[in-house]
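# Architecture at a glance
Listed below, chain by chain, are the residues.
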Amino acid sequence: MRGILLALGWTAGGLAVLALVAFAAAAWVWRDIPAETLEARYASSASRFAAIDGARIHYRDEGTGPPVVLIHANFASLIGWDPWVEALKDRYRVVRFDMTGHGLSGADATGNYSLPRTVELMERLLDQLGVERAAIAGTSLGGTVAIHYAVRHPQRVAGLVLISPGSLEPGVRGRRAPPQISPAVDLVRWITPRALPEFMLKGGFADSAKVAPELVDRWHDLWRLEGQRTAQLERLRQYISGDIEALIGQVRAPVLIQWGEENPQVHVELAAELARLLASAPSIETIIYPGVGHMAIQEAPSETSADARSWLDRVPFAERSDSEEIRRQPR
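Residues numbered from 1 in each chain as written. Predicted model: local features only at pLDDT ≥ 70, side-chain atom pairs only at ≥ 80, totals over all residues. Heavy atoms only, no water.

## Regarding the overall build of the protein chain
When helices and strands are tallied, the protein chain shows 13 helices and eight strands. Long-range contacts, defined here as pairs at least 24 residues apart, represent 78% of the contacts in the protein chain between residues at least 6 apart. Carbon and sulfur atoms make up 57% of the accessible area of the protein chain, which amounts to about 15000 Å² in all. (Helix = DSSP H or I, 4+ residues; strand = E, 2+ residues; numbered from the N terminus. Contact = heavy atoms within 4.5 Å. Areas by Shrake-Rupley, 256 points an atom, 1.4 Å probe, with all protein chains shown as cover.)

This is the structure:
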């Protein structure tokens, strides 16, 4: 019996050592990638970096004309907007940025990835760039950020393009406390196989065959920017949508809603509900895209950008809100 127990002990110990070796090997394979390496790979001649209160924000500012600000989805980056920029920059000044913990922006030194902090960094970036009034387009999490910004600064928003904002998902809608995320998820900090972003992307497309290997490679690379995975997990743990229905009701800008008919995360029925909740918006247009999932700007870039361009051409960028006019009057 003693010999059996000794053998079992050695076996268990050996398995533990093998598990540790496997973990170390996997962590080495999927280790962080230095910022310089990724910037050489994914920055463009238009890339700039702004230092804002402990955050280094990667942004691109292209074209001339009325400003349009583009806000990407969670886990994505500003590069996903490339087709939209090409469709708009001949007539519009197109500003896009990577949220902290995304793209080439990297971690926020404050450790704060909440929605209020995200909106504050956006405000300060636009202030630095001298963008006083703009149309804002946001997809998924970016749509939620756009709604928050529009309510905080109604006089600075000429119009909103909302592409299936994620805050309407039943699992996060109205949440007033951070979600409970299993500690096991922290393994992603060290072990992030390429299959993970591939799985997420294919789950967001209606037609998974449209997920290009280059798109998966880019997501996988940028997730592994130094400190990025920790930042992304912190954003998930700090996300509170709050009373999003009340916020939507306070939007006072014209709105274009774009939605994939086969959206598996935020179902297409919510497009009509979003339109109903936009009770204070002066005008609302809704476009539903057949055969398109949640990641519409990746899956249908030509269609979504062309429709946005047509709508933006009718937005009164020079118009000022009543509240701003009141403030401008002499007393």
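## Regarding the nonpolar core
Within the largest apolar cluster, 48 residues are counted, with the highest numbers of intra-cluster contacts made by Val69, Ile71, Phe97, Met122, Ile136 and Leu160. Looking at this core element by element, the count peaks at seven residues for helix H5 (residues 141-152). (Core = buried A, V, L, I, M, F, W, Y, C linked by side-chain atoms within 4.5 Å. Buried < 20%, exposed > 50% of the residue type's maximum accessible area, 1.4 Å probe, protein only.)

## Points about the packing of helix H4 (residues 115-128) against H5
Two numbers describe how H4 lies on H5: the axes approach to 10 Å, and their chain directions differ by 70°. As far as their axial angle goes, H5 and H4 are roughly perpendicular. Here the hand of the crossing between H4 and H5 comes out right-handed. Contacts between H4 and H5 pair Leu115, Pro116, Thr118, Val119, Met122, Glu123 and Leu126 from the former with Leu141, Thr144, Val145, His148, Tyr149 and Arg152 from the latter. Looking at the contact of H4 with H5 residue by residue, the classes come out as eight nonpolar, three polar and two charged. (Axes fitted to C-alpha atoms, helices over the stretch in contact; angles between N-to-C directions. Parallel < 35°, antiparallel > 145°, perpendicular 65-115°, else oblique. Left-handed = near helix turned anticlockwise from the far one by under 90°. Nonpolar A, V, L, I, M, F, W, Y, C, P; charged D, E, K, R; others polar.)

## Comments concerning the packing of aromatic side chains
Using the criterion set out here, one finds four aromatic pairs in the structure. Residues tryptophan 81 and tryptophan 84 carry aromatic rings whose centres are separated by 5.0 Å and whose planes lie at 75° to one another, so their mutual orientation is edge-to-face. There is no split in this pair, since tryptophan 81 and tryptophan 84 are both buried. Within the aromatic cluster, the residues linked to one another by ring pairs are Phe75, Trp219 and Trp223. The lysine or arginine in question, arginine 56, covers the ring of phenylalanine 49, its NZ or CZ lying 3.8 Å from the ring centre. (Phe/Tyr/Trp six-rings, centres within 6.5 Å; stacked < 30°, edge-to-face > 60°. Lys NZ or Arg CZ within 6 Å of the ring centre and 35° of its normal.)

## Structural notes on the environment of proline 170
Position of proline 170 relative to the elements: it lies in the loop between strand S6 (157-163) and helix H6 (195-204). Linking proline 170 and histidine 267, residues 97 residues apart in sequence, is a C-alpha distance of 9.9 Å.

## Let's talk about the packing of helix H2 (residues 35-42) against helix H7 (residues 213-223)
For the pair H2 and H7, the least separation of the axes is 10 Å and the interaxial angle reads 155°. As summarised for this structure, H2 and H7 are arranged roughly antiparallel, according to the angle between their axes. Seen from above, H2 lies across H7 with left-handed handedness. Facing H2, whose interface residues are Leu38, Arg41 and Tyr42, H7 presents Asp217, Arg218, Asp221 and Leu222. Split by residue class, the contact of H2 with H7 holds three nonpolar, no polar and four charged.

## Observations concerning helix H12 (residues 301-312)
Taking 1.5 Å per residue, twelve residues should reach 16 Å; H12 reaches 16 Å between its end C-alpha atoms and fits that length. Every buried residue belonging to H12 is among Thr304, Ser305, Ala308, Arg309, Trp311 and Leu312, and all of these are buried. Viewed along the axis of H12, the buried residues span an arc of 165°, placing them on a single side of the element. (Expected span 1.5 Å × (residues − 1). Arc of directions from axis to C-beta.)

## Examining the layout of surface pockets
The volume enclosed by the largest pocket comes to roughly 580 Å³. When residues of the lining of the largest pocket are traced back to their parent elements, those giving at least two are H5, H6 and helix H8 (228-238). Among the elements that take part in the lining of the largest pocket, H6 stands out by supplying four residues, more than any other. Along the lines of polarity and charge, the residues of the lining of the largest pocket split into twelve nonpolar, nine polar and three charged. (1 Å grid on protein atoms, 1.4 Å probe; cavity = no way out; pocket = protein on both sides within 12 Å on 5 of 7 lines; lining within 4 Å. Points joined across faces, edges and corners; volume = space filled by probe spheres on them.)

## Considerations on the environment of aspartate 90
Along the chain, aspartate 90 falls in the loop between helix H3 (82-88) and strand S4 (93-97). For the pair aspartate 90 and glutamate 62, spaced 28 residues apart in sequence, the C-alpha to C-alpha distance is 9.2 Å. A polar atom in the side chain of aspartate 90 sits 2.8 Å from the side chain of arginine 309. (Polar contact = N/O pair within 3.5 Å; in protein donor to acceptor, adjacent residues only side chain to side chain.)

## Description of empty space enclosed by the protein
Within this structure, the stated rule accounts for three cavities of 30 Å³ or more. A volume near 90 Å³ is recorded for the largest cavity. Along the walls of the largest cavity sit His72, Ala73, Asn74, Ala76, Ser77, Trp81, Thr139, Trp219, His294, Met295, Ile297 and Gln298, which together make up its complete lining. In terms of residue class, the lining of the largest cavity is made up of six nonpolar, six polar and no charged. In this structure, the second largest cavity is lined by Ile57, Phe97, Asp98, Met99, Thr100, Asn112, Tyr113, Arg117, Thr118, Leu121, Met122 and Arg235. No other element matches the four residues that H4 contributes to the lining of the second largest cavity. A breakdown of the residues in the lining of the second largest cavity according to their chemical character gives six nonpolar, three polar and three charged.

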